[in-house]
Amino acid sequence: MLVICFATLFVLFIAGCSDNQEKGTRDNTPLIPKIEALGTEVYGNNLVVIDASNSAKGYVLVKYMGENKKIRLQITTDDELIYTYALDYHGEYEVFPLTQGNKSYTINVYESIGGDKYAQAYGTTIDVKMENEFSPFLGPNQYVDYDGNSQVIALSQRLAKPANEDLDVVEGVYQYILDNIKYDYDRAANVDIGYLPNIDDVIDKGKGICFDYAALATALLRAQGIPTSLVIGYAGEVYHAWINVYIKDVGWVNKVIEFKGTEWVRMDPTYDANASTLDEYFGSGSEYHPMYLY
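Attention in this report is confined to the structure presented alongside it. (Residues numbered from 1 in each chain as written. Predicted model: local features only at pLDDT ≥ 70, side-chain atom pairs only at ≥ 80, totals over all residues. Heavy atoms only, no water.)

Details of the pattern of salt bridges
Cut-off, in case you're wondering: Every case where a carboxyl oxygen of Asp or Glu lies within 4 Å of a side-chain nitrogen of Lys or Arg is listed as a salt bridge. A run of H or I in DSSP counts as a helix once it spans at least four residues, and a run of E counts as a strand once it spans at least two, with each numbered from the N terminus. When accessible area is computed with a 1.4 Å probe and restricted to protein chains, residues below 20% of their type maximum are described as buried, those above 50% as exposed, and intermediate ones as partly exposed.
Tallied over the entire structure, the rule returns eight salt bridges. Here R26 makes a salt bridge to D166, at a shortest N to O gap of 2.7 Å. Here R26, found in the segment before β1 (42–44), pairs with D166, found in helix α2 (residues 166–180); they are 140 residues apart in sequence, far enough to count as distant. For R26, a relative accessible area of 10% translates into the label buried. Look at D166 and you get buried, because its relative accessible area is 13%. In this structure, K57 and E131 form a salt bridge, with 3.3 Å as the shortest nitrogen-oxygen distance. On the criterion of sequence distance, the pair formed by K57 in the loop between β2 (48–51) and β3 (59–64) and E131 in the loop between β8 (117–127) and α1 (151–160) is long-range, its members being 74 residues apart. Here E131 falls in the exposed class, since its relative accessible area comes to 57%. One network of salt bridges, in which partners are shared, links D184, R187, D201, K205 and D212.

See below:
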């Protein structure tokens, strides 16, 4: 269960991105995600299908075909890091990332047998060798869900239009979120177990919780070919979501958003929109403890 981070009220003035901006030197052609069930490496039984044909691209597709309404998926690496998901779309493939690199991944699907007890419906282990170390961080998955028809694609292109380098895109995306997305207290107070961001809904309504902020930023940056990981972990004692971004010639930049001459500054839109009141929870950034990457 994702416990939504604490935030305080902040006021935003809507500041749309103008299409009249001068074009920068960076190519802002969006990266259109292509998720495929190729059927060349498939595992399963009469209840579960796991298509690992594109595991080298950083993802697997999983489909549950039974009648049970409460299904859980666990992906465990050979170092015993366990990722747990709910399977939401019965009879349809869902996308799950393989974010721990070149490892063996054990994939188990479980059906509820009452209360908190589950029985295995199917399981298998696959050995993964990535084509590109950034592959898991360049496309959609269950937590960062978008496709070629999503608003994220056109919006990313518009936000990246004036950019000369990747860092300009990161700053533009971040500023867009600060200027246009406000904290959704109603959703935070009534969020369901297993809540998943609807990125287009966040754009349309202009509000969200920390999970939404991170998913939107991740999708916008991935759509511009910038490797980005959605991170879930703890900031102080708060269960929280933020992003890490890969910048060419710099490497992975964790918990930060921009370079200001001599130092990198925190990359956490929920925090930055509320920095004056959240310092006691989030501190200087040293209190961020990542647990899972998506």
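A word on the environment of D88
Counted only if it meets this: We call two residues in contact whenever any of their non-hydrogen atoms come within 4.5 Å of each other.
In this fold, D88 is placed in the loop between β5 (82–86) and β6 (94–97). Expressed as a C-alpha distance, the spacing of D88 and G194, which sit 106 residues apart in the sequence, is 9.2 Å. Sequence-distant contacts of D88, that is, excluding residues within four places in its chain, are made with E94, Q142 and L196.

With respect to helix α5 (residues 210–222)
Since the α-helix advances by 3.6 residues per turn, residues separated by three or four positions end up pointing in the same direction. Applicable threshold: Multiplying 1.5 Å by the residue count of a helix minus one yields the expected span of that helix.
With 13 residues, α5 should reach 18 Å at 1.5 Å per residue; the first-to-last C-alpha distance of 18 Å fits that figure. Among the 13 residues that make up α5, 13 are buried, leaving the element largely enclosed by the rest of the structure.

Concerning the sheet that holds strand β13 (residues 251–254)
Keep this limit in mind: Any two strands with at least two DSSP bridges between them are considered paired. In this description, a line fitted to the C-alpha atoms serves as the axis of each element, helices being fitted only across the stretch in contact, and the angle between N-to-C directions of two axes falls anywhere from 0 to 180 degrees.
With antiparallel pairing, four strands are arranged side by side in an open sheet as β13-β12-β11-β16. The open sheet terminates on both sides in strands that have one partner only, identified here as β13 and β16 (288–293). Averaged over all adjacent pairs, the angle separating strand axes in this sheet is 35 degrees, with direction ignored. The pairing of strand β11 (residues 228–235) with β16 spans five bridges and is antiparallel. When the sheet's bridge partners are listed, I232 is paired in β16 with Y292. Those strands touched by α5 are β11 and β12 (238–247), and its axis lies near 160 degrees from that of β11.

Concerning the side chain of D212
Within the element layout of this structure, D212 appears in helix α5. Its relative accessible area of 1% is what places D212 among the buried residues. What D212 contacts, discounting residues up to four positions off in sequence, is R187, Y195, P197, N198 and V202.

Here we look at the packing of aromatic side chains
Selection criterion: For Phe, Tyr and Trp, where Trp contributes only its six-membered ring, two rings pair if their centres lie within 6.5 Å, and the inter-plane angle classes them as stacked under 30 degrees, edge-to-face over 60, or tilted in between. By the criterion adopted, a ring carries a charge over it if an Arg CZ or a Lys NZ lies within 6 Å of its centre and within 35 degrees of its normal.
On inspection of all chains with the given rule, the structure shows 13 aromatic pairs. Considering the side-chain rings of Y83 and Y292, the 5.0 Å spacing of their centres and the 70 degrees angle between planes classify their relative orientation as edge-to-face. Here the residue Y83 occupies a position in strand β5, and Y292 occupies one in strand β16, the gap between them amounting to 209 residues. This pair shows no difference in class: Y83 is buried, exactly as Y292 is. A centroid spacing of 5.9 Å and a plane angle of 85 degrees characterise the contact between Y85 and Y294, whose relative ring orientation is edge-to-face. In this pair, Y85 is assigned in strand β5 and Y294 in the segment after β16, connecting sequence segments 209 residues apart. Across the pair, Y294 and Y85 agree in class, each one buried. A network of ring pairs unites the aromatic residues Y83, Y85, F96, Y143, Y195, F211, Y292 and Y294 as a single cluster. Between the NZ or CZ atom of K63 and the centre of the ring of Y93, over which it lies, the distance is 4.5 Å.

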